[in-house]
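The chain contents come next:
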Amino acid sequence: MGRLLAIVALAVALDMIANAFLFERANQFSIRIDDAERIAEHLVIAHRLLDEEIPAERGHVADRLTTSAFEVSWKAQDTRPKRSIELDTLTSQVLELEPELRQTALRFHLSPLSHGGDIHGSMSLSDGSTVHFSSELQMARALNLERWAVLVVPTLLLVLMAALLVRAVLSPLRRLVHLSARVGSDQPRPIDEAGPAEVRQLIRAFNTMQGRIHELVRNRNVTVAALCHDLRTPLMRLRLRLDQVASESPEGSALMADLDELEALVGSMQDYLDGAGESGPRERVDLAVMAMTIVERAQDLGRDARYSGPDHLVIMARPLPLRRAIGNLVQNAIHYGGNAELSLSRDRMDYIIRVDDSGPGISDENLQSAVEPFVRFDDARRRDAPGMGLGLAIVDRIARTEGGDLVLRNREAGGLSATIRLPVTLHDPAANKSLETL
């Protein structure tokens, strides 16, 4: 508020100073003696002829008195402007040359819309009607330019200073907006407190908030990771014991299958906790080679997997989380759809990773919730499917950590299409700055 008031006060002060200067210049404005004599002569002739003419003919007489350098018009009432910049010195100069004009209430002024070298004026006839006139003078051009400057400069200054104020306020806010999108997915980065008091207060609150959120996320991850780690030891002991009784008991095979599922559940939870890729810098990754390697590995296992796209596509990314995300999409497509078609492309805005399958897909009402943790759908997911419904949640988390998103949609020909879009601005190796340096 203080800055805004200071800007307004400065603009008002500048406007007052400029107007005072203009009025002083106008009050002292005078012209060369030959120009003054010419105007005075025109005015005397115009006043005499129009005052002697009947009102019905005065308009025609005024038209005949008009020349290229001196324009005359007549009005039946007193229509002289109430607000104008008076040229008192010029009026006195003309009256000294033609004292006869003292009885005409002669006035010279600048019209509100005058431009170039136009000087305007008016005088009264004996019946109270008004004669308006204007003349073009080379000396008046500078005065009119100054008048326009007085009107325009304060406005331009106000706009400029307001723009600078907005820029100063928005500069820390831009960084605040940028970092707010990463709260909870990266190490907290306190923002320098800068800008007006309100903005500094907001930044201080944001720094406190992101510290608390980071601590909550870290504590949750540490707790669940510790549980997953501690569960592996008793599960391993159970497996060793079951190995001894599996061949002796008819229930041994069923118990071993349950144990496999428990281990898969623990492994899936561990992958989910590690899936965000929160640590480590981005590095150059050949996305095409990575995708072809994943597809070839699936083909070696006898799966129906295909790749289409460029032979090389280098981006800046965290390789391990990205490989896990693409691998999860390919595995889900093969497991639930029977095949996987992995394709890579790039448009003006994004790098596009797309995996299609020919399976049953997911009902439209469940597409949005499919990426939530622990969500499984009976119509599209068999009950004997391994895991805890974290596969797509892991992919979505990795995509968001990389600044992109995961989009699911059902194909018209049948099956599910899963697309990861990674912004070019964050992952292009040729970009001036990567996310780590912003």
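Residues numbered from 1 in each chain as written. Predicted model: local features only at pLDDT ≥ 70, side-chain atom pairs only at ≥ 80, totals over all residues. Heavy atoms only, no water.

### Comments concerning the confidence of the model for the protein chain
The test is simple: A residue's pLDDT is the predictor's confidence in that residue, given on a scale from 0 to 100. When checking whether two residues touch, look at their non-hydrogen atoms; a contact exists if any pair is within 4.5 Å.
For the protein chain, per-residue confidence averages 78 on the pLDDT scale, and 79% of positions sit at 70 or higher. Long-range and interchain partners of residues 379-385, a stretch whose pLDDT sits below 50, account for 15 contacts in this model, where long-range means more than four residues apart. Counting contacts from residues 432-438, a segment whose pLDDT is below 50, to residues more than four positions away or on other chains yields 15 contacts.

### Focus: the sheet that holds strand β12 (residues 416-423)
The cut-off we apply is this: The pairing criterion is simple: DSSP has to find at least two bridges between the two strands. Each helix corresponds to a stretch of at least 4 residues labelled H or I by DSSP, and each strand to a stretch of at least 2 residues labelled E; elements are numbered beginning at the N terminus. Lines fitted to C-alpha atoms define the axes, with helix axes restricted to the stretch in contact, and inter-axis angles between N-to-C directions lie between 0 and 180 degrees.
Taken together, five strands build an open sheet; the order of strands is β7-β9-β10-β12-β11 and the sheet is mixed. Bordering the open sheet on either side are β7 (305-308) and β11 (405-410), each of which pairs with just one other strand. Averaged over neighbouring strand pairs, the angle between their axes works out to 15° when direction is ignored. Across six bridges, β11 lies against β12 in antiparallel orientation. Its bridge partner being in β12, Val407 is matched across the sheet by Thr419.

### Brief notes about unusual backbone geometry
Positive phi outside glycine occurs at Ala105, with the angle close to 50°. Within the secondary structure layout, Ala105 lies in the loop between α4 (88-97) and β3 (107-110).

### Focus on the pairing of β12
To keep things clear, this is the line we draw: Classification of residues uses two cut-offs on accessible area relative to the type maximum, computed with a 1.4 Å probe and protein chains only: under 20% is buried, over 50% is exposed, and between them is partly exposed.
With respect to burial, β12 is a largely interior element, seven of its eight residues being buried. Here seven bridges tie strand β10 (residues 350-356) to β12, and the two strands are oriented antiparallel to one another. Residue pairing for β12: Asp356 is matched across the bridge by Ser417. Linkage of β11 to β12, two consecutive antiparallel strands, is achieved through a turn of five residues, within which Gly414 is found at a positive phi near 105°.

### Notes on helix α2 (residues 33-52)
What counts, and what does not: Helix span, expected: 1.5 Å multiplied by one less than the number of residues in the helix.
Between its first and last C-alpha atoms α2 spans 29 Å; for 20 residues at 1.5 Å apiece the expected length is 28 Å, and the two agree. Buried within α2 are the following residues: Asp35, Ala36, Ile39, Ala40, Leu43, Val44, Ala46, His47 and Leu50. Close packing links the buried residues of α2 with α3 (55-65), β1 (70-75), α4, β3, β4 (118-124) and β5 (130-136).

### Things to note about the pairing of β5
Most of β5 sits inside the fold, with six of its seven residues counted as buried. Sheet analysis places β1 next to β5, joined by six bridges and oriented antiparallel. Its bridge partner lying in β5, Glu71 is registered against Ser134. Here β4 folds back onto β5, and the loop between the two strands holds five residues, one of which, Gly128, carries a positive phi near 90°.

### Some thoughts on the packing of α2 against α3
Selection criterion: The labels follow the angle: roughly parallel below 35 degrees, roughly antiparallel above 145, roughly perpendicular from 65 to 115, and oblique for the rest. Here a crossing is taken to be left-handed if its near helix is turned anticlockwise relative to the far helix by less than a right angle, and right-handed if that turn runs clockwise.
Between α2 and α3, the least distance of the axes is 9 Å, while the angle of their chain directions is 160°. Relative to α3, the element α2 lies roughly antiparallel. The interaxial crossing formed by α2 with α3 has right-handed handedness. Of the residues in α3, those touching α2 at Ile45, Ala46, Leu49, Leu50 and Asp51 are Arg58, Val61, Ala62 and Leu65.

### Let's talk about a nonpolar patch on the surface
The condition that has to hold: Each patch is built from residues lacking any salt bridge and having more than 30% relative accessible area; the joining distance is 9 Å for like charges and 5 Å for nonpolar side chains (Val, Leu, Ile, Met, Phe, Trp, Tyr). Areas reported as accessible are Shrake-Rupley estimates using a 1.4 Å probe. Residue values count occlusion only from the protein chains shown. We define a salt bridge as a contact between a side-chain nitrogen of Lys or Arg and a carboxyl oxygen of Asp or Glu at a distance within 4 Å.
A surface patch of nonpolar side chains, amounting to about 350 Å² of accessible area, comprises Val8, Val12, Met16 and Leu158. At three residues, the largest contribution of residues to the nonpolar patch is made by helix α1 (residues 2-27). Take Leu158: it is sitting in helix α5 (residues 140-180). Overall, Leu158 belongs to the partly exposed group, its relative accessible area being 34%.

### Some details on the packing of aromatic side chains
Note the following rule: Stacked, edge-to-face and tilted labels apply to pairs of Phe, Tyr and Trp rings (six-membered ring for Trp) whose centres lie within 6.5 Å, assigned for plane angles under 30 degrees, over 60, and everything in between, in that order.
Using the criterion set out here, one finds two aromatic pairs in the structure. Both rings, one in Phe70 and one in Phe133, keep their centres 5.9 Å apart while their planes meet at 10°; by these two values the pair is stacked. With Phe70 in strand β1 and Phe133 in strand β5, this residue pair connects regions lying 63 residues apart in the sequence. According to the relative accessible area criterion, Phe133 is buried, its value standing at 4%. Seen from their ring centres, Phe108 and Phe133 are 5.4 Å apart, and the 70° between their planes marks the pair as edge-to-face. Taken together, the residues Phe108 in strand β3 and Phe133 in strand β5 connect sequence positions 25 residues apart. For Phe108, a relative accessible area of 1% translates into the label buried. One aromatic cluster is present, formed by Phe70, Phe108 and Phe133 through successive ring pairs.

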